[in-house]
Amino acid sequence: MQKEITMLDVHKIREDFPILKREVNGKPLVYFDNAATSQTPQVVIDTIVEYYSNYNANIHRGVHTLSQVATDAYELARKKVQEHFNAQHIHEIILTSGTTHSINIVATGFTNFLSKGDEVIVSALEHHSNIVPWQMLCDRTGAVLKVIPMNEDGELLMDVYDDLLSDKTKLVFVNHISNALGTINPIEEIIGKAHKVGAAVLIDGAQSCPHVKPDVQALDADFYVASAHKLCGPTGVGLLYGKEEWLNKLPPYQGGGEMIDQVTFEKTTYAGLPHKFEAGTPNICGGIAFGAALDYMNSIGFDNIASYENELLEYGTKKLLEIEGLKIYGTSKNKTSVISFNLENIHPYDVGTIVDKLGIAVRTGHHCAQPIMDFYKIPGTIRASFSFYNTKEEIDALVEAVKKAKMMLS
């Protein structure tokens, strides 16, 4: 038995997650695909069942009891999100279907604010969801997309970022943490420098929120986006935080019910924040469960989570590097619990397939970050991403599985 840190009782925590008791291919499940989606604790599952069993109703529109109960629960969840991210106002929290939806709201909204020759900046470490919407925005407006390059360690070249910034820069979009490499970007510095040239900044927090507790006011981010399913919540719900001044400037993303004030055939006026961006019936149950997931993770404590996951990262890195011919991609000194690696002359998909037969879930491929793989001139990587409910014993099982895959495929 490996010694666990005392601040976090991981074996007790594992009892909260029903799926961790199952077997895959006759082996105990080892779940190392947390960067794609985290697992769901029983308290969140119970919240979902409770909603559909006892007060399933549409919100904001009904005077009947079930509608009022559902509305109160949904708006309480919004309040929990506001407090978790420390937004100044509750109406600065827009509940969306996830990070991609949130990014597209902003990218579409900026169409009227950009002109030909304006510049927007992204980083070489971005997920496709924080590349493609901005390319589409540039296509619509004639703006120019600039890229902050990266080095071999998976770190952004901040001196080049300085050179890219100018009075033409209108928007900067950077992830807080790379989903493919685990690199933690210096977003405070990125935001501060962008604001000096008058540019707005959107931070993609999909990968950071499971590991840290962002304070959007302290960061001074103009927009911050994330997804519940990375935070022990359900799929299909997320958030867009935006400063009030920016959200008031942006036009509605979709038209329909809920986002209106008055509708006539001559003219429609729009509702105020946050409803202006929440057309139609939302994912009511998902939003409520999102609040429950934040309660659960805060009960564990993000300092405890970060400390323990860093211990897993150090242990996993050491053990995997003992395998001859194994290379880790993303070796920044400032990173979170993601290890992206390959075995020499072996395709990552083949390794992933064998590892799965041994009950271990890892991700293989380009992880929706193809430019990173192109930089390293590789087809993809094997990605093991750890969460606070994982153990060192599970890492040992991964190491043995990778050794077996190497033996079979060499």
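This structure is a prediction, so every number in the text was calculated from the model and none was measured.

This paragraph deals with the packing of helix α12 (residues 348–357) against helix α14 (residues 392–409). Between α12 and α14, whose axes approach to 9 Å, the crossing angle comes to 125 degrees. By the angle between their directions, the pair α12 and α14 is classed as oblique. The chirality of how α12 crosses α14 is right-handed. Where α12 abuts α14, its residues Asp350, Val351, Ile354 and Val355 lie against Leu398, Ala401, Val402, Ala405, Met408 and Leu409. Residues belonging to the contact of α12 with α14 are distributed by class as follows: 9 nonpolar, no polar and 1 charged.

The next point concerns the sheet that holds strand β4 (residues 93–96). Overall, mixed pairing links the 7 strands, which are arranged β4-β10-β9-β8-β7-β5-β6 in an open sheet. The sheet is open, and its two borders are formed by β4 and β6 (144–148), each paired with just one other strand. Going from strand to strand, the sheet's axes swing by 20 degrees on average, the running direction of each strand aside. Bridge count for strand β5 (residues 119–123) against β6 is 5 bridges, and the pairing is parallel. Of the residues in β6, the one forming a bridge with Val120 is Leu145. Relative to the sheet, helix α3 (residues 65–85) contacts β4, β9 (223–227) and β10 (238–242), its axis offset from that of β4 by approximately 120 degrees.

Before going further, it helps to spend a moment on the environment of Tyr389. Tracing the sequence through the fold places Tyr389 in the loop between β17 (381–385) and α14. Look at Tyr389 and you get buried, because its relative accessible area is 0%. In sequence terms Tyr389 and Asp9 are 380 residues apart; their C-alpha atoms lie 9.1 Å from each other. Apart from the residues lying within four places of it in its own chain, the contact partners of Tyr389 are Val10, Ile13, Arg14, Phe17, Leu20, Tyr31, Asn34, Ser38, Gln39 and Glu394.

Further remarks concern the confidence of the model for the protein chain. Looking at the protein chain, pLDDT values average 95 and 99% of them are 70 or higher. Residue range residues 1–6 is modelled with pLDDT below 50. Its contacts to residues more than four positions away, or to other chains, number 17 contacts.

With 99 residues, the main nonpolar core has Phe32, Tyr161, Val172, Phe341, Ile372, Phe388 and Leu398 as its most contacted residues. Beyond its immediate stretch of four places on either side in the chain, Phe341 contacts Leu320, Leu326, Lys327, Ile328, Tyr329, Thr381, Ile382, Ala384 and Val402.

Once that is clear, we can look at unusual backbone geometry. A cis geometry characterises the amide bond from Leu273 onward to Pro274, with omega recorded as 0 degrees. Following the sequence through the fold, Pro274 ends up in the loop between β12 (268–270) and α10 (284–300). Phi is positive for Asn86, which is not a glycine, with a value near 55 degrees. Along the chain, Asn86 falls in the loop between α3 and β4. When its relative accessible area of 32% is taken as the criterion, Asn86 is described as partly exposed. Within the chain, His367 stands out as a residue other than glycine whose phi angle is a positive 60 degrees. Looking at the secondary structure, you find His367 in the loop between β16 (363–365) and α13 (370–376).

Before going further, it helps to spend a moment on the pattern of salt bridges. One pass over the full model with this rule turns up 14 salt bridges. The closest approach of N and O atoms between Lys392 and Glu311, which form a salt bridge, is 2.6 Å. Linking Lys392 in helix α14 with Glu311 in helix α11 (residues 302–321), this pair joins segments that are 81 residues apart in sequence. Comparing Lys392 with Glu311, the two get one shared label, buried. In this structure, a network of salt bridges that share partners links the residues Asp33, Arg363 and Arg383.

Turning to the side chain of Asn104, a few remarks are in order. Topologically, Asn104 is positioned in helix α4 (residues 99–109). Among the residues examined, Asn104 registers a relative accessible area of 18% and is labelled buried. Residues in contact with Asn104, not counting those within four places in the same chain, are Pro133 and Tyr253.

Here the focus is α4. Among the 11 residues of α4, 9 are classified as buried, and the element is accordingly described as predominantly covered. Those residues of α4 that fall on the buried side of the exposure criterion are Thr99, His101, Ser102, Ile103, Asn104, Ile105, Val106, Ala107 and Gly109. The elements touched by buried residues of α4 are β4, α5 (132–141), β8 (200–204), β9 and β10.

So, about the sheet that holds strand β14 (residues 338–343). Taken in spatial order, the 4 strands of this open sheet run β13-β14-β17-β16, and their pairing is antiparallel. On the outer flanks of this sheet lie β13 (326–329) and β16, each paired with one strand and no other. Direction aside, neighbouring strands of the sheet carry axes that sit 30 degrees apart on average. Pairing between β13 and β14: 4 bridges, direction antiparallel. Within β14, the residue paired with Tyr329 across the bridge is Ser340. Against the sheet, α11 touches β13 and β14, its axis set at about 10 degrees to β14.

As enumerated under the stated definition, the model contains 16 aromatic pairs in all. Plain terms: the ring middles of Phe110 and Phe223 are 6.2 Å apart, the flat faces sit at 80 degrees to each other, and that makes the pair edge-to-face. You can see Phe110 sitting in the loop between α4 and β5 and its partner Phe223 sitting in strand β9, a full 113 residues away along the chain. Per residue, the accessibility class of Phe110 equals that of Phe223, and both read buried.

Here is what the cut-offs are and how they apply
Residues numbered from 1 in each chain as written. Predicted model: local features only at pLDDT ≥ 70, side-chain atom pairs only at ≥ 80, totals over all residues. Heavy atoms only, no water. Axes fitted to C-alpha atoms, helices over the stretch in contact; angles between N-to-C directions. Helix = DSSP H or I, 4+ residues; strand = E, 2+ residues; numbered from the N terminus. Parallel < 35°, antiparallel > 145°, perpendicular 65-115°, else oblique. Left-handed = near helix turned anticlockwise from the far one by under 90°. Contact = heavy atoms within 4.5 Å. Nonpolar A, V, L, I, M, F, W, Y, C, P; charged D, E, K, R; others polar. Pairing = 2+ DSSP bridges. Buried < 20%, exposed > 50% of the residue type's maximum accessible area, 1.4 Å probe, protein only. pLDDT = per-residue confidence, 0-100. Core = buried A, V, L, I, M, F, W, Y, C linked by side-chain atoms within 4.5 Å. Salt bridge = Lys/Arg side-chain N within 4 Å of Asp/Glu carboxyl O. Phe/Tyr/Trp six-rings, centres within 6.5 Å; stacked < 30°, edge-to-face > 60°.

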